[in-house]
Amino acid sequence: MVGGGAGADAGIDRVLWTEAEIAARVSEVAAELAADLRALREPAVVVGVATGAFLFLADLVRRVDAPLAVDLVRAESYGDGTESSGRPRITSDLKVDVAGNPPPTLPTRAVEDIVDTGNTVSCLIAYLEKKGASSISVCTFLDKPARRTANFQLVGDGKFYRGFECPDSFVVGYGMDYAELYRNLPYVGVLKAEMYKKDTSN
Ligand SMILES: O=P(O)(O)OC[C@H]1O[C@H](OP(=O)(O)OP(=O)(O)O)[C@H](O)[C@@H]1O
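Within each chain, residues carry numbers counting from 1 in the order of the written sequence. The model is predicted, so local features are restricted to residues of pLDDT at least 70 and side-chain atom pairs to those at 80 or more, both for listing and for counting; the totals for chains, interfaces and linings are taken over all residues. Excluded from the side-chain calculation are hydrogens and water; included are all heavy atoms of the structure.

> Would you explain the sheet that holds strand β5 (residues 108-115) in this entry?
Whether parallel or antiparallel, the strands of a sheet pair through hydrogen bonds between backbone atoms. Judged by pairing direction, the sheet is mixed, and its 6 strands sit side by side in the order β4-β3-β2-β5-β6-β7 without closing on themselves. Each having just a single partner strand, β4 (89-90) and β7 (160-165) make up the two edges of the open sheet. Strand direction decides the pairing type here: strand β2 (residues 44-50) and strand β3 (residues 68-76), joined by 7 bridges, are parallel. Following the sheet pairing, Val49 is matched in β3 by Val73. What makes two strands pair is DSSP finding at least two bridges between them. Numbering goes from the N terminus for both helices and strands, where a helix is a DSSP run of H or I of at least four residues and a strand is a run of E of at least two.

Structure, rendered in C-alpha cells:
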C-alpha cells in the first residue's frame, strides 16, 4: 500500500519501478558503461545533473569498475510545476577540466535522472561542448520519448544509455521531485493528480 499515510509516500498513486527493480537495472547499465569506459585509454568524467540525478549517479558510479572522475552541474527547468519551462539553465560550473589539462580532452558521460522534452540534455551537451569536451555520452535513468520536443546530438563517439523507458505520466522518487518533495523515495511512483493542485497538465 502506497500513498495513504503520513510518510514520504503521501500522495503516491502507484509504484512504477520498485527499489529492487531499479537496483537490478542500474547494475545492468553500469556494466554496459564500465565495459565502454575500460576500453578507453584515459579516465572518463561522469557529470551528474543536480538535483534529480543524485541517487542514480551515486548508485551508478559505485557499480562502474573503471577509472573515472565525478563532477556535478546544476540544471534547472521545472521550477515548482509539473511542466518544463523549456528554458533550462546550467546554474553551477564544472570543477573538472573536461578539455584536458594537458590534452587530450576527457571523454564525458552526462548522467541524468530523466530525459523528458530533451531541453535540459541539449543545453547540457552545448555547455559541455563549449567547455571543450570532444566525446559526450548521455546516461539517463529514465527516458520519456513521448514528450520529446528537442532533438539532441551526442558528440564524438558518444552513446545513449538509459535505464527504463518511462510512460507519459508525472513520476517522482529516486531523485525526482514535485516541488522538491519525494526525491527520497527509494522507488519511482506516479503522483496522484490531486497533488498537482491547479497544474494537472502532466
Ligand atoms: O528533458 P527535460 O524536459 O528538460 O526535463 C528533464 C530535466 O528536468 C528535471 O530537472 P528539474 O529542472 O526539474 O530540476 P531538478 O533536477 O532539480 O529536479 C530532470 O532532473 C531533468 O534534468
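The discussion continues.
> Would you mind showing me how to read helix α1 (residues 19-38) here?
Helical periodicity: at 3.6 residues per turn, an α-helix aligns residues three or four positions apart in one direction. A helix's residues, less one, multiplied by 1.5 Å, set its expected span. The terminal C-alpha atoms of α1, which comprises 20 residues, lie 28 Å apart, in line with the 28 Å expected from a rise of 1.5 Å per residue. Turning to α1, its buried residues number three or more, namely Ile22, Val26, Val29, Ala30, Leu33, Ala34 and Leu37. The arc enclosing the buried residues of α1, seen along the axis, measures out at 145°, which places them on a common side. Throughout this description, buried means an accessible area under 20% of the type-specific maximum (1.4 Å probe, protein chains only), exposed means over 50%, and partly exposed covers the range between. Summarising the geometry, the arc corresponds to the directions from the helix axis toward the C-beta atoms.

> Looking at this structure, how should I read the packing of aromatic side chains?
In this description, an aromatic ring pair is defined by two values, namely the gap between the centres and the angle between the planes. Only rings of Phe, Tyr and Trp enter the pairing, Trp through its six-membered ring, and a pair is recorded when the two centres are within 6.5 Å. The plane angle decides the type: under 30 degrees is stacked, over 60 is edge-to-face, the rest tilted. In the structure shown here, the tally under the stated rule is 6 aromatic pairs. Between Trp17 and Phe164, the aromatic rings sit 4.6 Å apart at their centres with planes inclined by 15°, giving stacked as the arrangement. Taken together, the residues Trp17 in strand β1 (residues 12-17) and Phe164 in strand β7 connect sequence positions 147 residues apart. Accessibility classification places Trp17 together with Phe164 in one group, the buried group. Here Phe152 and Phe160 contribute two aromatic rings whose centre-to-centre distance is 5.7 Å and whose plane-to-plane angle is 50°, an arrangement assigned as tilted. Accessibility expressed as a relative area gives 19% for Phe152, which makes it buried. A residue is classified by how much of its surface remains accessible, and Phe160, at 29% relative accessible area, is partly exposed. Three or more aromatic residues link up through ring pairs in this structure, and these residues are Trp17, Phe56, Phe141, Phe164 and Tyr174.

> Teacher, can you tell me more about unusual backbone geometry here?
Among all residues save glycine, negative phi is the norm, and among peptide bonds the norm is trans. Here the amide bond leading from Ala50 into Thr51 is cis, since omega sits at 5°, within 30 degrees of zero. Unlike most non-glycine residues, Tyr174 shows phi in positive territory, near 50°. Mapped onto the elements of the fold, Tyr174 is located in the loop between β8 (171-172) and β9 (188-191). A positive phi angle is found at Tyr182, which is not glycine, with a value near 80°. Mapping Tyr182 onto the fold places it in the loop between β8 and β9.

> Explanation requested: the pattern of salt bridges in the structure shown.
When their charged atoms lie close together, side chains carrying opposite charge are able to pair. Any Lys or Arg side-chain nitrogen located within 4 Å of an Asp or Glu carboxyl oxygen qualifies as a salt bridge. Scanning the entire structure with this criterion turns up 13 salt bridges. With its nearest N and O atoms 3.9 Å apart, the salt bridge here joins Lys159 to Glu32. On the criterion of sequence distance, the pair formed by Lys159 in the loop between β6 (136-143) and β7 and Glu32 in helix α1 is long-range, its members being 127 residues apart. Owing to a relative accessible area of 34%, Glu32 belongs among the partly exposed residues under this scheme. Within the structure, one salt-bridge network assembled from shared partners comprises Asp143, Arg148, Arg162 and Glu165.

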